[in-house]
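Structural overview for review
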Amino acid sequence: MDKGKRKTAALRLIKTLAFLLVFAVLLGAASLILAPKENTKEAGVRTPMMKYFHGEPENTLDFTALGSSNFYRGIIATDLWKQYGYAGIVAARPGIKMSEMYYLYKDILSCQSPGLVIVEIGSAFDLKKKNAPKQEKKTLKSIAKYPSGELGVWEDALATELNELFPAIDYHSRWKSLTLRDFDILSAPDYSRHDPQKGYLIDVSKRPYTKGEYMNKTDEAEPMHSADRLYLDKIVRLAKENGAKVLLLNIPDARSWDYRRHNTAQQYAQENGLALFDLNLKTREMGIDWSSDTKDGGEHMNLYGARKVTAYLGAYLSQNFDLPDRRNAAAYKAWNNDVRLFEQAAEKKIRENPQGVPVKKLKLPKPVK
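Quick look at the structure, then. (Residues numbered from 1 in each chain as written. Predicted model: local features only at pLDDT ≥ 70, side-chain atom pairs only at ≥ 80, totals over all residues. Heavy atoms only, no water.)

1. Re the packing of aromatic side chains
Under the defined criterion, the tally for this structure stands at 13 aromatic pairs. Ring geometry for tryptophan 81 and tyrosine 332: centres 6.1 Å apart, planes at 20°, overall stacked. With tryptophan 81 in helix H3 (residues 77-84) and tyrosine 332 in the loop between helix H11 (303-320) and helix H12 (334-352), the pair connects residues that are 251 residues apart, well separated along the chain. The residues tryptophan 81 and tyrosine 332 share a single accessibility class, namely buried. Relative to tryptophan 290, the ring of tyrosine 214 lies with its centre 5.9 Å away and its plane at 85°, an arrangement referred to as edge-to-face. Here tyrosine 214 is found in the loop between helix H7 (167-170) and helix H8 (226-241), whereas its partner tryptophan 290 is found in the loop between helix H10 (283-286) and H11, with 76 residues between them in sequence. (Phe/Tyr/Trp six-rings, centres within 6.5 Å; stacked < 30°, edge-to-face > 60°. Helix = DSSP H or I, 4+ residues; strand = E, 2+ residues; numbered from the N terminus. Buried < 20%, exposed > 50% of the residue type's maximum accessible area, 1.4 Å probe, protein only.)

Set out below in structure tokens:
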């Protein structure tokens, strides 16, 4: 290459780098404006319950449960408090990816120091769910030509990294609802919104699971995607660095879990010296009634199933982890009021729907004009 061509190539490179730098600065500035300033739906947070740990007094949580909708429909933190005095919260969102879970845990560590981190191991397999919802069909089809869907999972991980670096990408549509508060980038966000339900979503709907046994024992194992394993490794490493123990947990889910996935989870737990508590193998011991304890045909627990799951989980935690009983601690008096508020909310749901009619089948009154 002659001198003139080298000079031209160098100028093009400089222009490209300059453009990328300016673009990154603008995107960073937009992120400061578009990122929600409160942990509420009104402020733009899509799943506020995932962020309610910010509303707890600093460094008061002894455990946190990271997962998907199976967790926020299956673990009742106020029950664990009432029965054992365990102070913890569920931080979960629908269809969470392991990469998102890693950054969620980092966010928790910015204000809390839980000694136990409960991780939903099923999130490492969600992309290949046996009965994927309609909105996932296109994604599954698009990655079908790649072995084990590896490309799709890595694309999700890359998207997570970019969203963490530039929140404007994730919240780009918020420009329609910006307020003067959003332009006050010098003030710290107010994430003090408190949730008495501790991340649990009450649902008393009943839709039975009728397809029979789904945990048929086998020696086969479904491979975990390399990206999911990478971020799961990062979660485990981060927990150890912060002196926390890790429990891999799965809530009963007849529609997306099977023994092949259990085998992979068990192998990972053994390789990393972790405990695995797969409640899909304990449904009989828990007394799960698939005709009345699930809200949607076997994928999620309803309130009645969650009570059983939480009671069984609490007994396991009391026998295997040294969590403190905070019920007599003065700093935790507010938890008793949260329990009262939760019970009131649960009783109200039951009164409104005593037969457990699935929400989609309820005849709701027309709005008053």
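2. Section: the packing of H3 against H11
Viewed as axis vectors pointing N to C, H3 and H11 meet at an angle of 50°, and their least axial separation amounts to 9 Å. In terms of orientation, H3 lies oblique with respect to H11. Here H3 and H11 pass one another in a crossing that is right-handed. Taken together, the residues of H11 that come into contact with H3 (itself represented by Asp79, Leu80, Lys82, Gln83 and Tyr84) are Arg307, Thr310, Ala311, Gly314, Ala315 and Ser318. Residue composition of the contact of H3 with H11, by class: four nonpolar, four polar and three charged. (Axes fitted to C-alpha atoms, helices over the stretch in contact; angles between N-to-C directions. Parallel < 35°, antiparallel > 145°, perpendicular 65-115°, else oblique. Left-handed = near helix turned anticlockwise from the far one by under 90°. Contact = heavy atoms within 4.5 Å. Nonpolar A, V, L, I, M, F, W, Y, C, P; charged D, E, K, R; others polar.)

3. Digging into helix H4 (residues 98-109)
Counted at 1.5 Å a residue, the expected span for H4 with its 12 residues is 16 Å, and the 17 Å between its end C-alpha atoms agrees. Of all 12 residues making up H4, nine are buried, and the element is well covered by its neighbours. For H4, the complete set of buried residues consists of Met98, Ser99, Met101, Tyr102, Tyr103, Leu104, Tyr105, Asp107 and Ile108. (Expected span 1.5 Å × (residues − 1).)

4. Here we look at the pattern of salt bridges
Going through the model one piece at a time under the given rule, you end up with 20 salt bridges. Note that aspartate 203 and arginine 73 form a salt bridge whose closest N and O atoms lie 3.5 Å from each other. Taken as a pair, aspartate 203 in the loop between H7 and H8 and arginine 73 in the loop between helix H2 (69-72) and H3 lie far apart in primary sequence, 130 residues in all. Like arginine 73, aspartate 203 is buried. (Salt bridge = Lys/Arg side-chain N within 4 Å of Asp/Glu carboxyl O.)

5. Quick word on the nonpolar core
Judged by nonpolar contacts, the single largest core of 74 residues is most densely connected at Phe71, Ile75, Leu232, Leu247, Leu248, Leu249 and Leu317. The biggest single contributor to this core is H4, with seven residues. Listed in part, the eight residues of the second largest apolar core include Ile76, Tyr200, Ile202 and Ala306. (Core = buried A, V, L, I, M, F, W, Y, C linked by side-chain atoms within 4.5 Å.)

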